[in-house]
Each structure stands twice: as C-alpha cells, then as structure tokens.
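Reading the structure
Read off the chains here:
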Amino acid sequence: MITYLSIFITAVFVNNIVLAQFLGICPFLGVSKKVSTAWGMGMAVTFVMTIATIVTYLLQKYLLDTAGLQYLQTIVFILVIAALVQMVEIILKKVSPALYQALGVFLPLITTNCAILGVAILVIQKNFNLVESVVFAVSTAVGFTLALILFAGIREQLSLTKVPKAMQGIPIALIAAGLLAMAFMGFSGIKIG
C-alpha cells in the first residue's frame, strides 16, 4: 500500500510530468486559458494516458519482449496512442459537442502529447508491474490535470489584471508557469515510507 501511495505522491507533486519533467507543455500552454477547457483536456488526457499505459504495457510484456522486438517499442506505442485519441475524439464529438469545440485543434494534439508517450515508456523503464503502471499513469494524469487547472486559474486571474503591454499573453504566461514550477519544487523533499 505504501508503494502505491509513494507512486501517487511522487507522480502528482514531486515529479509532476509538466512542471518537473517538462512533458506535455503544448497542451499546458495551449489549453490553459479557461478552467473549464483545462478540466476537459485533463479528463481526456487521463483517459488516454490510463488506457494507453495498460495497452502498451501488455503489448511490451507479451508481444515485443517475448518476440524480441523491443526496438519497435516507440512506433507501436505511438500507433496505440493515435488510435486511442481517435476513439476519444469520436466519443467527445457525440457526448459533449461543446467540449469538443472548446478543445478544438488541441484534441488531436493529444496524439503527439509527449507526456502520454513518456508515461508509457517510463513504466517499462521503471520495471513496474501492471498495477503499479496503472497507478503511475492515473497519478501522472492527475498531476497533469492539477497543473493544467492551477495554471488556467492563474491565467484567468491574469486576464483581469493590468499587465504591462510587453508582458501580455505568452510572456506573462511563461513567467507564471515558471513560478508554478518553482512552487511545486517545494514538494521535492517529501519522503514516503
């Protein structure tokens, strides 16, 4: 139980996929103007990351490793992620057209979200079993969503604040992202177990 709690705390706070490992920056900066859009993107990434981790783990252990085809890992993982994103896009279009429209071009970008591919590869490198892999994927997705929502809240607040003209838009967003990353560095001293 402590192992799973340790994986969760570490993935969400200590080694946050966006703020500490700098993976998934494109949706972090692109979809973080409104909290509602950030929440929707976080849920889509959570679903894709969890399912992709399960599928890629099983493919790695029972197909690539047993057949000696480890060198195909990256291409197989990318194909699995692309198929899952297409499935999420179709489901969102039917279930929540408003969220589908709000995510716009960023939904297909989940396909190339390096956070999802990174997690799929990290669980193999860390030699996690299937349950640990799922806990890691969900925890990482929670950390991604948390960072995205916090950043969206900051950006919404910044839109109501008088910011110097030269700092408006991306410059102030990058400064805010840096400060948020520094705030998360405070969790780096946490030890569990």
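Our subject is the structure listed above.
Attention in this report is confined to the structure presented alongside it.

**Examining the overall build of the protein**
Along the protein, the regular secondary structure elements total nine helices and zero strands. In the protein, the order of α-helices and β-strands from amino to carboxyl end is α-α-α-α-α-α-α-α-α. Taking 16 Å as the expected radius of gyration for a compact globule of 193 residues, we find that the protein reaches 17 Å, a close match to that expectation. A principal-axis box enclosing the C-alpha atoms of the protein has dimensions of 60 × 45 × 30 Å. Out of the 193 residues in the protein, the part that is buried amounts to 41%.

**Here's the deal with the packing of aromatic side chains**
Counting across every chain of the model gives five aromatic pairs. Each ring, one from Phe 13 and one from Phe 187, has its centre 4.8 Å from the other, and the planes form 45°; the classification is tilted. Residue Phe 13 is found in helix α1 (residues 2-14), and its partner Phe 187 is found in the segment after α9 (170-185); the two are separated by 174 residues along the sequence. You can call Phe 187 partly exposed: its relative accessible area is 28%. Centre to centre, the rings of Phe 128 and Phe 136 are 5.6 Å apart; their planes meet at 55°, and the pair counts as tilted. Note on Phe 136: relative accessible area 8%, which makes it buried. Cluster of aromatic residues (ring-pair linked, three or more members): Phe 13, Phe 184 and Phe 187.

**Here we look at the packing of helix α3 (residues 35-67) against helix α7 (residues 114-125)**
A pair of packed helices can be characterised by two numbers: the angle between their axes and the separation between those axes. Running from amino to carboxyl end, α3 crosses α7 at an angle of 35°, the nearest separation of the two axes being 9 Å. Helix-helix and strand crossings are classified by hand; for α3 and α7 the assignment is right-handed. For the pair α3 and α7, contact is made by Val 45, Val 48, Met 49, Ala 52, Thr 53, Thr 56, Tyr 57 and Gln 60 and by Ala 115, Ile 116, Val 119, Ala 120, Val 123 and Ile 124, respectively. Class assignment of the residues belonging to the contact of α3 with α7 gives a composition of 11 nonpolar, three polar and no charged.

**Overview of the side chain of Thr 50**
Position of Thr 50 among the secondary structure elements: in helix α3. Side-chain polar atoms of Thr 50 contact the backbone oxygen of Thr 46, separated by 2.8 Å. Setting aside anything within four residues of it in sequence, one finds Thr 50 in contact with Val 134, Ala 137 and Val 138.

**So, helix α4 (residues 73-95)**
Between its terminal C-alpha atoms α4 stretches 33 Å, which fits the 33 Å expected from 23 residues at 1.5 Å a residue. Taken together, the buried positions of α4 are Gln 73, Val 76, Phe 77, Val 80, Ile 81, Leu 84, Val 85, Val 88, Glu 89 and Leu 92.

**Considering the environment of Phe 184**
Looking at where Phe 184 falls in the secondary structure, it is placed in helix α9. Considered as a pair, Phe 184 and Asn 16 are 168 residues apart in the sequence and their alpha carbons are 8.0 Å apart.

**A look at unusual backbone geometry**
What you tend to see is this: most non-glycine residues have negative phi, and most peptide bonds are trans. The residue Phe 22 is not glycine, and still its phi comes out positive at about 55°. Take Phe 22: it is sitting in the loop between α1 and α2 (25-30). Even without a glycine there, the phi angle at Asn 127 is positive, about 60°. Tracing the backbone shows Asn 127 in the loop between α7 and α8 (130-159). A relative accessible area of 58% places Asn 127 in the exposed class.

**So, the packing of α8 against α9**
Taken N-terminus to C-terminus, the directions of α8 and α9 make an angle of 135°; their axes are 10 Å apart at the nearest point. For the element pair α8 / α9, the angle class is oblique. Helix-helix and strand crossings are classified by hand; for α8 and α9 the assignment is right-handed. On α9, the residues that touch Leu 146, Ala 147, Leu 150, Phe 151, Ile 154, Arg 155 and Leu 158 of α8 are Ile 172, Ala 173, Ala 176, Ala 177, Leu 180 and Phe 184. Of the residues that constitute the contact of α8 with α9, the class distribution is 12 nonpolar, no polar and one charged.

The rules behind the values
- Residues numbered from 1 in each chain as written.
- Predicted model: local features only at pLDDT ≥ 70, side-chain atom pairs only at ≥ 80, totals over all residues.
- Heavy atoms only, no water.
- Helix = DSSP H or I, 4+ residues; strand = E, 2+ residues; numbered from the N terminus.
- Rg over C-alpha atoms; globule rule 2.2 N^0.38 Å.
- Buried < 20%, exposed > 50% of the residue type's maximum accessible area, 1.4 Å probe, protein only.
- Phe/Tyr/Trp six-rings, centres within 6.5 Å; stacked < 30°, edge-to-face > 60°.
- Axes fitted to C-alpha atoms, helices over the stretch in contact; angles between N-to-C directions.
- Left-handed = near helix turned anticlockwise from the far one by under 90°.
- Contact = heavy atoms within 4.5 Å.
- Nonpolar A, V, L, I, M, F, W, Y, C, P; charged D, E, K, R; others polar.
- Polar contact = N/O pair within 3.5 Å; in protein donor to acceptor, adjacent residues only side chain to side chain.
- Expected span 1.5 Å × (residues − 1).
- Parallel < 35°, antiparallel > 145°, perpendicular 65-115°, else oblique.

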